[in-house]
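Each chain, letter by letter, is given below.
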Amino acid sequence: LCDVIVDRAALEAITQAGHDAKDEIIRVYAESTVALANIKIAVRCQKTGKSLEFMKRAMAPCESINVEQLAKAALSGADALREYLKETVYADGVEALEESPSAFERWCDNRIIQTISPEKYHAFTIGPVIAYVIARQNEIKTVRIILSGKQNELPDDSIRERVRKMYV
């Protein structure tokens, strides 16, 4: 319960930072981060059979996802959750969700990279610096996934499934 409270407070702080930001990239990044976190929470809660109250306590409000509808869809089952997501800007994640949990996690990270990619062309803003930092974090995560997979002798296909898109 403490983790849920702290995590939600962190998501609310990200949302507030996004609203307070002057730069568009920070607003877009904050919105994407919170919305994707809410979707991940809904998916995990649906799989573990959590209550509606638990989901409401865990999810933070955001503009691109209605957390009330998301929670109710998760409560109704995997099919209802996928149907709700198909009606949002995150509809392309449904295919990854149907594929596997690791494909879905990869899609979430790739979505963030997709969000920040245009910033490399805005040379006289803070956007490229922020995009660079996020991209480096993504690369570090990918290296950890590869090393962990090799260490645990996972098949190359299994490792490849988890590798994130790179910011180039």
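The preceding data block contains the structure.
The rules behind these values
- Residues numbered from 1 in each chain as written.
- Predicted model: local features only at pLDDT ≥ 70, side-chain atom pairs only at ≥ 80, totals over all residues.
- Heavy atoms only, no water.
- 1 Å grid on protein atoms, 1.4 Å probe; cavity = no way out; pocket = protein on both sides within 12 Å on 5 of 7 lines; lining within 4 Å.
- Points joined across faces, edges and corners; volume = space filled by probe spheres on them.
- Helix = DSSP H or I, 4+ residues; strand = E, 2+ residues; numbered from the N terminus.
- Nonpolar A, V, L, I, M, F, W, Y, C, P; charged D, E, K, R; others polar.
- Buried < 20%, exposed > 50% of the residue type's maximum accessible area, 1.4 Å probe, protein only.
- Salt bridge = Lys/Arg side-chain N within 4 Å of Asp/Glu carboxyl O.
- Core = buried A, V, L, I, M, F, W, Y, C linked by side-chain atoms within 4.5 Å.
- Contact = heavy atoms within 4.5 Å.
- Axes fitted to C-alpha atoms, helices over the stretch in contact; angles between N-to-C directions.
- Parallel < 35°, antiparallel > 145°, perpendicular 65-115°, else oblique.
- Left-handed = near helix turned anticlockwise from the far one by under 90°.
- Polar contact = N/O pair within 3.5 Å; in protein donor to acceptor, adjacent residues only side chain to side chain.
- Expected span 1.5 Å × (residues − 1).

Engineer: Would you mind showing me how to read the layout of surface pockets here?
Structural biologist: Picture a little ball the size of a water molecule; that probe, rolled over the atoms, points out where space is still empty. Estimated volume of the largest pocket: approximately 370 Å³. In terms of lining residues, the largest pocket is bounded by 16 residues, among which Y29, K40, D109, I112 and K141 are the most central. Contributions of two or more residues to the lining of the largest pocket are made by helix 2 (24-48), helix 7 (101-116) and helix 8 (127-151). The class makeup of the residues in the lining of the largest pocket is 7 nonpolar, 4 polar and 5 charged. D7, A37, I41, R44 and A58 are, among the 14 residues lining the second largest pocket, the residues nearest its centre.

Engineer: Looking at this model, I keep getting lost on unusual backbone geometry. Mind explaining?
Structural biologist: Most peptide bonds are trans, and most residues other than glycine sit at a negative phi. The phi torsion at E153 lies on the positive side, around 55 degrees, for a residue other than glycine. Tracing the chain through its elements places E153 in the loop between helix 8 and helix 9 (156-162). Given a relative accessible area of 72%, E153 falls into the exposed group.

Engineer: I keep staring at the pattern of salt bridges and nothing clicks. Help me out?
Structural biologist: Think of it this way: side chains of opposite charge can pair up when their charged atoms draw near. Using the criterion set out here, one finds 14 salt bridges in the structure. The partner of E68 in a salt bridge is K56, with the nearest N and O atoms 3.2 Å apart. Taken together, the positions of E68 in helix 4 (residues 67-76) and K56 in helix 3 (residues 52-58) put the pair 12 residues apart, joining distant regions of the chain. On the basis of relative accessibility, which here comes to 31%, the residue E68 falls in the partly exposed class.

Engineer: When you look at the nonpolar core in this model, what are you seeing that I'm missing?
Structural biologist: What tends to happen in soluble globular proteins is that the nonpolar side chains get buried as a cluster. I39, I65, L70, L81 and L85 are the most contacted members of the largest nonpolar core, which has 38 residues in total. Elements supplying a minimum of two residues to this core: helix 1 (2-20), helix 2, helix 3, helix 4, helix 5 (78-86), helix 6 (93-99), helix 7 and helix 8. Of the residues forming this core, the biggest block, 9 residues, is contributed by helix 2. Those residues in contact with I65, other than ones at most four positions away along the chain, are A35, I39, L70, Y84, T88 and Y90.

Engineer: Any chance you could explain the packing of helix 7 against helix 8 here in plain terms?
Structural biologist: Helix-helix packing: each pair is described by the crossing angle between the helix axes and the interaxial distance. Across the interface, helix 7 lies against helix 8 with an axial gap of 10 Å and an inter-helix angle of 155 degrees. The pairing of helix 7 with helix 8 is recorded here as roughly antiparallel in orientation. The chirality of how helix 7 crosses helix 8 is left-handed. Contacts between helix 7 and helix 8 pair D109, I112, I113 and I116 from the former with A131, I134, A135, N138 and K141 from the latter.

Engineer: Explain the environment of T48 to me, please; I cannot follow it from the model alone.
Structural biologist: Secondary-structure assignment places T48 in helix 2. With a relative accessible area of 55%, T48 lands in the exposed category. Among the polar contacts made by the side chain of T48, one reaches the main-chain carbonyl oxygen of R44 at a distance of 2.8 Å.

Engineer: Just to check I follow, could you spell out helix 8 for this structure?
Structural biologist: Note on helix geometry: an α-helix contains 3.6 residues per turn, so any two residues three or four positions apart are oriented the same way. Relative to the 36 Å expected for 25 residues at 1.5 Å per residue, helix 8 spans 36 Å between its end C-alpha atoms, a close match to the ideal helical length. Taken as a whole, helix 8 has its buried residues at G127, I130, A131, I134, A135, N138, T142, I145 and G149. Against the buried residues of helix 8 lie helix 2, helix 7 and helix 9. Directly beyond the C-terminal end of helix 8, a positive phi value near 55 degrees is found at E153.

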